[in-house]
Every structure is written in C-alpha cells, then in structure tokens.
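So the chains spell out like this:
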Amino acid sequence: MTEPAARWGTSSAGVSRLWYVAYGSNTHAARLAAYLRGGRSADGGDRTYPGCRDPRPPARTRAVWLPGTLYFATRSPVWGGGRAFYDPDAPGRVPARGYLLTVGQFSDIAHQEMFREPGTDLDLRGVLRDGRDRLGPGRYETLVRAGTLDGLPMLTFTAPWSAGEVPPVPPSARYLRRLGAGIAEAHGWPPERVAGFLASCPGAAGHWTARAVTRVLTGEDTGEPS
C-alpha cells in the first residue's frame, strides 16, 4: 500500500552529493542494490522495487558509526517481525555503513522505504540547517544529520518517535541475517561480535540470545527463537 507523501521540494541547499548512512538491512550492499537498480531482491525480502532514477552504484562506501541506539519495532510486511529504527537521542553507538550517493538517489531510496514511487527530490534544507527534520508522519520520514564526512553531510532517516515510545517487536531470523551480513561486510566483524550487538538491541533483547543470533548468522539455525 502506498503511504501518504512526505513534504518534498526542489531545493537541497546547494548539496548535490551526500552520505546515506544505513543502519538496517541496507547496510548490505546487495540489498541496497535492489533499491538502486530496481527489481526483486535476492536476499530473502518479499518485495520488488521500482529502483532509483539514477541506478548507478554508490561512488564510495565507508564503515561509520551513529551515536544512539538501534531498536526493533512495528511489523515489516517484507521480513516479518520488527523493523530496525534509529534513536539518535538514546545512549550508545550503532555500527552503520555510509554510501556516497546523489541527492536524487537518497530521495528515491527514502520514497521506496515508504512504499512510494520514486521520482521527486526531498527537501533537505531543514535537516541540513537544523540537524533533524520531520518530513511527514511515516516510520522513515524523519531525516537526521549524523555529521560530516569528507566535507559532505551524513544523512539517514528514521521514525519520529523514540525507542521508548513504541512497543518492542522482535526481528525475524532472516532480517537479522541480512543486518548481520551488512554489518560484517562493512565493519569486518566476526559473527559472534555482530550477534552480540544485535542481541543487545531493544526489541531483540530478551527474545534473541547472542548464541541464537550467531547460529542464524552462520547458517546453523534458520528458525525463530522459542
């Protein structure tokens, strides 16, 4: 179902390129490629993507960190189980991945995350000026500026609520597998370290143990926790 459109505009305050900081399944390069090129992702997600106006791969990628907390809430029609969200006001650090993209690519990815057709640039003036801007009420319509890298802004999107304002929802095994693959790919972590991080995140904590997540990441177990 297509969701209500966020506020958009033609101005990006003179910025033509930026770092899209992914903290969820898009940390995995093959997953992001489905958003860029379009088509059905071959990584276990149940969705076909329209793709970006500019389907070229990122100019560069970097392992980065986000100050705050990764948590799981709401229910994903693509993965089943909870979705990953980012709370920039909570304590902690989140291993993430920066992709050097055009403003148009970033905008089109954000539209696809909200099950909308790509094709219009988001208005980035507010987030570039204030560090945060709520473009709409949707779960991925709040833009956050996470800093600057190589002279370019680092932007991500998340929900307008905080981690403590919504009920936690445990993520599915296949979703954890994709997040884990992306973190390992970006940061070079072994499965045990990735699993320890994911199992500690609100929503997963208390439902997934680090050992259980490790078994999922290594292919020893493909099921859900009991």
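The rules behind these values
- Residues numbered from 1 in each chain as written.
- Predicted model: local features only at pLDDT ≥ 70, side-chain atom pairs only at ≥ 80, totals over all residues.
- Heavy atoms only, no water.
- 1 Å grid on protein atoms, 1.4 Å probe; cavity = no way out; pocket = protein on both sides within 12 Å on 5 of 7 lines; lining within 4 Å.
- Points joined across faces, edges and corners; volume = space filled by probe spheres on them.
- Helix = DSSP H or I, 4+ residues; strand = E, 2+ residues; numbered from the N terminus.
- Salt bridge = Lys/Arg side-chain N within 4 Å of Asp/Glu carboxyl O.
- Buried < 20%, exposed > 50% of the residue type's maximum accessible area, 1.4 Å probe, protein only.
- Contact = heavy atoms within 4.5 Å.

Going by an unreviewed UniProt entry, the protein chain carries the name Histone deacetylase and comes from Streptomyces harbinensis.

Caption draft 1: Representation of empty space enclosed by the protein within the structure. Considering all chains together, one arrives at 2 cavities of 30 Å³ or more under this definition. In this structure, the largest cavity encloses a volume near 260 Å³. Lining the largest cavity we find 24 residues, and of these Ser25, Tyr35, Glu113, Tyr140 and Tyr175 sit closest to its centre. Elements represented by at least two residues in the lining of the largest cavity include exactly strand E1 (17-22), helix H1 (29-37), strand E6 (83-87) and strand E10 (152-158). Here the element with the most residues in the lining of the largest cavity is E1; it accounts for 3 residues.

Caption draft 2: Representation of the pattern of salt bridges within the structure. For the structure shown, the criterion picks out 11 salt bridges. Residue Arg56 is joined to Asp54 by a salt bridge in which the shortest nitrogen-to-oxygen separation is 2.6 Å. A relative accessible area of 52% places Arg56 in the exposed class. Across the pair Glu220 and Arg215 runs a salt bridge whose closest N-O atoms are separated by 3.4 Å. Classification of Glu220 by relative accessible area gives exposed; the value is 51%. Residues joined in a network through salt bridges with shared partners are Arg53, Asp108 and Asp121.

Caption draft 3: Highlighting the environment of Asp221. Residue placement: Asp221 occurs in the segment after helix H6 (210-217). Exposure remark for Asp221: the relative accessible area of 30% places this residue in the partly exposed category. Here Asp221 is in contact with Arg177, Arg215 and Val216, once residues within four sequence places are set aside.

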